[in-house]
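# A look at the structure
Read off the chains here:
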Amino acid sequence: MWIPTEHEKYGVVLASFRGTVQHGLPLEIGDTVQLLEKCEGWYRGFVHKNPNVKGIFPCSYIHLKNAHIKNKGQFETVIPTEDSVITEMTSTLRDWGAMWKRLYVVKSVQHTHKNEGDLFHRLWHVMNEILDLRRQVLVGHLTNDRMKDVKQHITARLDWGNEQLSLDLVPRREFSMVDPDEISVTELFKLMEHRHRKKETPVPASTHHLFVHMKSLMSSNLGEELEVFFHIYDGRENRPLSERFFVRLNKNGVPKSPEKTERQCTLFVDLGSSDLRKDVYIVVHIMRIGRMGAGEKKNLCSIQYRRPFGCAVVSIADLLTADSKDDHLLKVYACTTESEWYQIHENIIRKVNSRYNLSGSNTGLAVSLQLLHGDIEQLRREYMVLFTRGVSITKKLGFSDIIMPGEMRNDLYMTLEKGEFEKGGKSVARNVEITVYVLDIEGQVMKSYVAAGSGEPGGDEYHSFVLYHNNSPRWAEQIKLPIPVDMFRGSHVRFEFRHCSTKDKGEKKLFGYSFVHLMQEDGRTLPDGTHELIIHKCEENANLQDSSRYLKLPFSKANLPGNNQAVKGTKESFWITSFLCSTKLTQNGDMLDLLKWRAHPERINDSLSKLKEIDGSEIVKFLQDTLDTLFSILDESSQRYGLKVFDCLVHIINLLQDSKFQHFKPVMDTYIESHFAGALSYRDLIKVLKWYVDRIIDAEHQDHIQQVLKATEYIFKYIIQSRRLFALATGGQSEEEFRCCVHELFMSIRFFLSQENKITSPVTQTQAVFLLTFPAVYGELLKIFTVREVAGFVRETLGSLPATVHAECPLEAVKLHCIAKTVESQLYTNPESRCILLPVVLRLLQAHMQEQRDLVMCARILTSMLSLIKKDDSVTTEPVVSEEVDLIVDSLLVVLMRTILEITNRPQPAGTNMRLQFQDITGEFVACLLALLRQMSDKHYQQLLQVFTSKDDLRDFLLQIFTVFRILIRPEMFPKDWTVMRLVTNNVIITTVLYLSDALRKNFLNEKFDYKVWDSYFYLSVIFINQPCLQLESFSPSKRKRVLEKYGDMRVMMGCEIFSMWQNLGEHKLNFIPAMIGPFLEVTLVPQPDLRNVMIPIFHDMMDWEQRRSGNFKQVEAKLIDKLDSLMSEGKGDETYRELFNSILLKKIERETWRESGISLIATVTRLMERLLDYRDCMKLGEVDGKKIGCTVSLLNFYKTELNKEEMYIRYIHKLYELHLKAQNYTEASYTLLLYDELLEWSERPLREFLNYPMQSEWQRKEYLHLTIVQNFDRGKCWENGIILCRELADQYESYYDYRNLSKMRMMEASLYDKIMDQQRLEPEFFRVGFYGKKFPFFLRNKEFVCRGHDYERLEAFQQRMLNEFPHAIAMQHVNQPDQTIYQAEAQYLQIYAVSPIPESQDVLQRDGVPDNIKSFYKVNHIWRFRYDRPFHKGTKDKENEFKSLWVERTTLTLVQSLPGISRWFEVEKRELVEVSPLENAIEVIENKNLQLRTLIAQCQSRQMQNINPLTMCLNGVIDAAVNGGLARYQEAFFVKDYIVNHPEDGDKIGRLRELMFEQAHILEYGLAVHEKFVPQDMRPLHKKLVDQFHVMKSSLGIQEFPAYVRASPVHFTNGSPRSSCRNSVPNILSPDGARVVARRSPLTYPAVNRYSSSSLSSQASNEVSNITGQSESSDEVFNMQPSPSTSSLSSNHSASPNVTSSAPSSARGSPQLQDKHKHSRENSCLSSRERPVSAIYPNPLDPAQRATPHQIGDTTLPRSDPNLSAPDKVRPTFSSWSLDSVKEVNNTQFSDTVGKLLCPPVPPRPPYSGSSAKTMRSQSPVPTSRSPQKSSLPPFTPSPTECQSAGLVSNSPVLSGSYSSGISSLSRCSVSEASGTEATTGDHPAHQGPTMPNSVSSGSDELIRRENKTPPPYSVYERTNPRRPVPLPHSLSIPPSVDPPALPPKPHQLRTSSMKLDPASDPRRADGVPHVPRPRPLPRKVSQL
């Protein structure tokens, strides 16, 4: 039975548990669990990281921990009872663990990210370190101090990791995390700021130390031992700053004692910040120990001398930049003259080059130097190794900047300066050496008290260095005498002078001595400074051991008695400089006089007066003695010396205010507490103080009084302590008297404070001085007086201050400072005194804040006040606190808000420090406001709102507080890692808003409605919900749990509040429509389901109210759409939101009357969301370009066609353009930019700055776009399109007479023509791709597309690319249409196969003489339709002859836009399926082969072929196949009686097949004749074989002689083969176009109705031969391929062409089973040119007979391709009704810009030629045209691809009707213009003129359907408005009209009709044949200023 657990509540998982049992809960090791129930060894509970899932697990897997339970019962929370640092460590490490794993992944994926890799390893180390420390804490064996250190270490590591991982800053106090609810907001702010500051700016250290490590001296000429001396030298004052550090080096130049590091390392300590400057140097002097001359030979003399060697200098400033311990190699210099040695370092510093030189080119001193910062104790902790290993301390000369009490030091420094010596009877000067001894009072040499410097222990004596032959030597050598204080008295120093001989003996002879006493008789030490000593003569054997004999002699010339002139006059002298640094000895006689005042009572007055002149360091040395002396004098003769003693006391107190001596304040405090004994002094002190205060107002000079007031704090300390001592001694006598004295003193103070003076008055300054020191007195007064009494003193004193003072007055700032100190004092902490002081404090504070003065101080005061309130928030003090809050709210709330507003709106100061300070006070004021609002209860809010008597005041208050809240929400308000602070802020805001919303409802609704307040409210609510710090979804699970437990989801609370307030608005809602749509939409996009459910219904409400107001909700729709785009592109919203939006709103509007339009709006918005979500997903980093482009196209079309949002449309045009450029799709980029170009006109209208375009005229922008597009067309090798734009620009330049640019444009145009002719272009492959399954994005889902492949890209490569773009997709292995299961599958299926383009521009492709370079463009550009053929067998398959049952299933795909266009792929709009019968198939195969033969023969004839092999192979393939049964198989299949009887309807077709066979035989015969002419000798046998086989073939066909019509044209095969009239009787299934006249079009037009006929294959086939590279196929391969039932569309190399489908079964199309050799050869010879990989590599020039001839053009003529067609009808031109500005009515029939948009094809216009005018149309049953088989020597007149049409003609073109005009000014869909369709009839004779045509429009229903369909008009509508003048034909080329052009055999399927009708049924896209009624076109609107 399950029993609820009592104490077992919390545990940690010890081992992972899979949870495989029923109701089992899976556990991971380390998880924490909460236990709910227990049963027989099992627990039931949940894991803390997922509390919603509960289950059971074994007890043995859980380690129980003690825990504290809150809210016992169903909703209890369990907190482990462990050290808070442990809890924090555990949760932090869990969070870090997850992030650390992510770092590992990042590190593995991106090897380049060094930082992430480093962080991964560093974090790993830190985590291990924390775990280690955690163990130590948990074990609990640490001492308190060690525990403190460990915790400090832990928190430092935790903070470091949080900062590195960008986690939140944790507020801490004493290492423990602080609960924000437990402390006031101001305290929380302080803690956060403290931690932030600590993190940001370490406090610069005021003390610095220099670490020096002597490594070695490198020199080539050593060989003697060396002594190296370092010291720090001040170059500005030319004096040493430190004592010397001394290192001995051996003969190799390395330290003598390497094992003793303290002998080679030192720390120069106590350098002040002022010492770290450029002119402070480290100076190194080096001495050698050896012979007198460095180069002397060794002699017997063993005596060694100290001689100068070299000097090195380095500036300390050089070390400031070096962080680490750098090794320096210092250059060593030597003196040029030895006598200059004493100042060599100065010469080096001053760069006096003549005085020194390098001691050797390779001499260098290797030292390591490092600056360390902080006090010495800190260094001992941080650089423990340094101190444990051993380092000598080198002290500063004199005391450091700050003298510490208790510091013991007694160092006497002596510098041996110089000497003056006589020759002493010698001819040369002496070599003088000084030996120094220290002797004690008994004349004994003191051991070890003479030191050359730190580093080496002191010795008994010291030898100076020797200067060679110098009677006036200057040494400047410093020595240190560390003599103990007690040995100073009676000691003296003796200097012995010896001459060092350089002779063989090398002896040192004593010739004199000097001495000096260290202390005078009166106890003063030797004064600092230079002393000139007397040199007493003596002999070598003189006995100096008995010092008493010479001590009586005078030692210094300065204190010689006047009568001793003899000694004074001697030239010999010796100078030393002494400097004493002692904490115990003084050189000051006045100090000694004062301390010994009892010995000379008469000197007391003098001594007291002189005290002020004594150096401070001397006074603090004897501080306690001095104070004792003063109070002794006061006790004994207070009347006489009271005032003087008081002044001396003031002087000493103020001396301790100096930073140098401030550390002696505790010494004085200790003295007062423990040593002070003046029980009676208080009376005198009070009396003198009052005396001074009373004289303030009358005194002329206030300086002295100000000094007295500065010392008030300590004077009161003495007064109070004295009174306590007195009371203690007397049992509390004279209490009343004392109180009276104090009261009187305060009365005097109040009187002087209440004086109003001028700003500059000295009294004002005195008042300021007093106020600064006054707060320090409170604590002392509290020792005797009660809290209320002291509070009374303070209130009255502060209250006595003059109220109105000028703002500039310094007193104002001081007042605030005083208030601040008061609020921070112990006195204010007490609630009793607080209620007395609060009114005074608030009054002063309010005055300052209202005038915006001293805000920093105001913030500080407020912070302190509000911190205290929280502390006292307990039951007993509740009423008190409430009263205080009342007071503060009344006086400060409004002022505080105004202050915050003013500060945040003020421009921030420039200086960094000022800006930081500014930020601080903003933060502090904000914290104060939050603290105050958090303290306010219902009662406070009610009182606050009652204060506002008028509505206006309340309105202003609400507006103000809402504005302040908006400021508080700003991201920049707090640093980004202050989440704790932000959550507290939000909690306060939402609580306050809930209180205030009531006031809003009560006071500002119905007739009192105020839009501004409500708007401010809603705006605040929206930005509140959208704050990043409230988006819990982005938090880690543990953080989210913490926030939800503490505050709940504040977004939902605020959302509910918005909804409730919105419902209250009633009809006032209309004021917020559409303004609030965007903000509310932003709120609903927050991924919080509850919030969405609450907020989405508001949109229904908005639609409803908008419908009531204006009958529709266009405004709502427009606003929703605008905002959706910007919000979703920011990453907001998701699929769930789309579904929720759709479902909630659809449900809401079910019962509305406006339901239909509502559903339409919701559908539109939902579809937009689909596309925007797709767009956002595709734009993610790492997505492929194809996906991004497809998605952008989908969105762009949606904005244009469905939403009519011009600006968004243009924005996405440019986004798409950028994508294309990035993917190097230059052609597509051009088409894309053209969309924007077409929205603009050639006008001077100014356009605003937009995207990257500057402000410019419309003309300039269009010009820029044109140039950019041309450049991109050029890069994309789409030169034909570029030419059109060049022309248009040229016309513009010409019209403006801008000939310079016109010239450039013509040159550019010419260069494009050259490129067309000279450069090679690859023909791309086209692939059909189907995207099936629900997992594809919306813009692809269950749709099929045709894609233009990249250069050289074949099917396998394309398929692989698609699978890479969609890695989860499955490739379908068949080409059949998928069924519904695939469509609905939760997967991605890709179906890919190659398709053949069906070119539109048949006239160019069929024209002879057009170079292949030009034709290749028309084959693969402007393609709307694509074809895919699939062979199959119908009925029983004849094994003998498979052609009988071989059908072809032909699929034609029509796209929504032509390729290439704005994308590499477009959706299939329509698919048509037809079946081609075996007979029709056979006809196609033979037709294509005939065409191929013709082309090859023509190329061979015109000698365009370098090699005859292609023709040879083609002839061989056809003749050999025929012999082996090629054509014979067709005969067997279709010419047999059975077939003719069973298929009577195929009679014409059978005739056609026979005709084609005959034609083929005729072509072959002619081809063999040509072949014989050109065949090389070695190929003759093959040729002979072919001729023989051909005769066999002829006889097999039963041909003896060719019919007459075949023989009629023996030569000109290039223009078509002989045909009979049965050619026209082929049914439409073979020729879907029927008969037609093809109108000439420019490369950029997209005729909608031109459709592909089988005859167009001739152009493909004509190229094919050139692609055959090596081998021909045998007849078996062409005709006898076995069909394979399974065809893999994905594995084939190429799609099946028309030829292959008829002649080859599916197995031939590269199916996997086929061998490569066969596959290759089959593809090469029987696939169409579209499938050939080499089609672009071998161009095939045409023979001269194929060249095009000029073609006349008249006013109303169409180009003709057949001369026999009738003369043209007159056609009236139609004007384009579209323009950008408005619909213009134009009645002018002349050429002008408004006449129908005119094509400018890419070549100059040809001479006029009268041709036939006919519309491009189809007829279901074509009328045959009579053709003359007459021969002629003239080639036919075929239309040129470069002719220009007249305006009237163009207006007839379907592309150019109004609906297809290029000036798309509005994005709304426009329908066709007024007349929907007309018929054109054409006569049979040129003279006949048909009826005049009305204004023409689209050619039939095909156009109409396209307009009505969902597709927008084609994007590349390029017709331009510039008519071109016809150029007259030169006379020599003109053609007499009477001569009929010669007739030639027609090309296959190329028929002409003399009379055509429009037939809607002929449109392949229109199944029903019913023409559409055109939609009326809306008036185009002006293009926005974009």
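Provided above is the structure to which this section pertains.
Each residue is numbered by its place in its chain's sequence as written, counting from 1. For a predicted model such as this one, the threshold for reporting local features is a pLDDT of at least 70, and the threshold for listing and counting side-chain atom pairs is 80 or more; totals across whole chains, interfaces and linings nevertheless cover every residue. Processing note: side-chain calculations cover all non-hydrogen atoms of the structure and skip hydrogens and water entirely.

The two faces of a sheet get side chains in turn, since along a regular strand they alternate between them. Burial classification: accessible surface area is computed with a 1.4 Å probe over protein chains only, and a residue below 20% of its type maximum counts as buried, one above 50% as exposed, and the rest as partly exposed. Under the DSSP-based scheme used, a helix requires at least four consecutive residues in state H or I and a strand at least two consecutive residues in state E, with every element numbered from the N terminus. Burial analysis of strand 21 (residues 364-373) places nine of its ten residues in the buried class, the great majority of the element. At least two bridges found by DSSP between two strands are what make those strands a pair. Pairing between strand 11 (residues 207-218) and strand 21: ten bridges, direction antiparallel. From the neighbouring strand, His213 faces strand 21, where its bridge partner is Ser368. In the sheet, strand 18 (residues 326-331) pairs with strand 21 via six bridges, with the strands oriented antiparallel. If you follow Asp326 over to strand 21, its bridge partner there is Leu369.

Pairing is antiparallel in the open sheet, where five strands are placed in the order 25-24-27-28-30. Here the strands that pair on one side only, and so sit at the sheet edges, are strand 25 (461-463) and strand 30 (536-537). Alignment of strand 28 (residues 508-517) against strand 30, held across two bridges, turns out to be antiparallel. Among the inter-strand pairings, Tyr513 is bridged to a residue of strand 30, identified as His536.

Right, let's get into the packing of helix 31 (residues 951-969) against helix 33 (residues 1011-1025). Axis definition: a line fitted to C-alpha atoms, limited for helices to the stretch in contact. Angles are taken between N-to-C directions and run from 0 to 180 degrees. Viewed as axis vectors pointing N to C, helix 31 and helix 33 meet at an angle of 20°, and their least axial separation amounts to 10 Å. In terms of orientation, helix 31 and helix 33 fall into the roughly parallel class. Considering how the two elements wind past one another, helix 31 and helix 33 form a crossing that is left-handed. Counting all contacts with helix 31, which are made through Arg955, Leu958, Leu959, Phe962, Phe965, Arg966 and Ile969, the residues of helix 33 involved are Lys1012, Val1013, Ser1016, Tyr1017, Tyr1019, Leu1020, Ile1023 and Phe1024. Three categories are distinguished: nonpolar for Ala, Val, Leu, Ile, Met, Phe, Trp, Tyr, Cys and Pro, charged for Asp, Glu, Lys and Arg, and polar for the others, with Gly belonging to the last. Of the residues belonging to the contact of helix 31 with helix 33, the class tally is eleven nonpolar, one polar and three charged. For classification purposes, an angle smaller than 35 degrees is called roughly parallel, one larger than 145 roughly antiparallel, one from 65 to 115 roughly perpendicular, and anything else oblique. Whether a crossing is left-handed or right-handed is set by the direction in which the near helix is turned from the far one by less than a right angle, anticlockwise for left-handed and clockwise for right-handed. In what follows, a contact means two residues having at least one pair of non-hydrogen atoms within 4.5 Å.

The next subject is helix 33. An α-helical segment advances 3.6 residues per turn. Residues three or four places apart therefore align on the same side. Compared with an ideal rise of 1.5 Å per residue, which puts 15 residues at 21 Å, helix 33 spans 21 Å between its outermost C-alpha atoms and is within 8% of the ideal. Within helix 33, the full set of buried residues consists of Val1013, Trp1014, Ser1016, Tyr1017, Phe1018, Leu1020, Ser1021, Val1022, Phe1024 and Ile1025. Tucked inside the fold, the buried residues of helix 33 contact helix 31, helix 32 (979-1003), helix 35 (1050-1065), helix 36 (1077-1084) and helix 37 (1089-1095). Two or three places before Lys1012, at the start of helix 33, stands the capping residue Asp1010, its side-chain oxygen 3.0 Å from that residue's backbone nitrogen. Under the convention used throughout, the expected extent of a helix is 1.5 Å for every residue step, that is, one less than its residue count. Between N or O atoms, a polar contact is any pair within 3.5 Å; within protein, one atom must be a potential hydrogen donor and the other a potential acceptor, and residues adjacent in sequence are included only when both atoms are from side chains.

The first and last C-alpha atoms of helix 21 (residues 762-773) sit 17 Å apart over twelve residues, in line with the 16 Å expected at 1.5 Å per residue. Within helix 21, nine of the twelve residues are buried, which leaves it mostly tucked inside the rest of the structure. Inspection of helix 21 places Val763, Thr764, Thr766, Gln767, Ala768, Val769, Phe770, Leu771 and Thr773 among the buried residues, and these make up the whole buried set. In this structure, the buried side of helix 21 is in contact with helix 18 (703-710), helix 19 (712-730), helix 20 (735-753), helix 22 (775-781), helix 23 (787-799) and helix 24 (810-824).

Turning our attention to the packing of helix 31 against helix 32. Where helix 31 contacts helix 32, the axes come no closer than 11 Å and their chain directions differ by 155°. Of the possible angle classes, the one that applies to helix 31 and helix 32 is roughly antiparallel. Every pair of crossing elements has a handedness; the one defined by helix 31 and helix 32 is left-handed. Of the residues in helix 32, those touching helix 31 at Lys951, Leu954, Phe957, Leu958, Ile961, Phe962, Phe965, Leu968 and Ile969 are Thr985, Asn986, Ile989, Thr992, Val993, Leu996, Leu1000 and Asn1003. Looking at the contact of helix 31 with helix 32 residue by residue, the class counts come to twelve nonpolar, four polar and one charged.

This brings us to the sheet that holds strand 31 (residues 573-582). What links the strands of a sheet is backbone hydrogen bonding, and the strands pair in either a parallel or an antiparallel sense. Spatial ordering of the open sheet is given by 26-23-31-29, a layout of four strands whose pairing is antiparallel. This sheet does not close on itself; its edge strands, each paired only once, are strand 26 (474-481) and strand 29 (529-534). Adjacent strand axes in the sheet meet at a mean angle of 25°, parallel and antiparallel pairs treated alike. Here strand 23 (residues 410-420) runs beside strand 31; their pairing, made up of ten bridges, is antiparallel. The residue of strand 31 that forms the bridge with Gly419 is Phe574.

Cis peptide bonds are those with omega within 30 degrees of zero, and the linkage from Ile1073 to Pro1074 qualifies with 5°. Structurally, Pro1074 is set in the loop between helix 35 and helix 36. Between Leu1459 and Pro1460 the backbone carries a cis peptide bond, its omega angle lying at -10°. Along the chain, the position of Pro1460 falls in the loop between strand 39 (1446-1459) and strand 40 (1465-1476). Despite not being glycine, Asp270 has its phi angle at roughly 60°, a positive value. With respect to the helices and strands, Asp270 occurs in strand 15 (residues 265-272). The exposure class of Asp270 is partly exposed, given its relative accessible area of 26%. For Ser734, which is not a glycine, the phi torsion comes out positive at approximately 55°. Relative to the elements of secondary structure, Ser734 occurs in the loop between helix 19 and helix 20.

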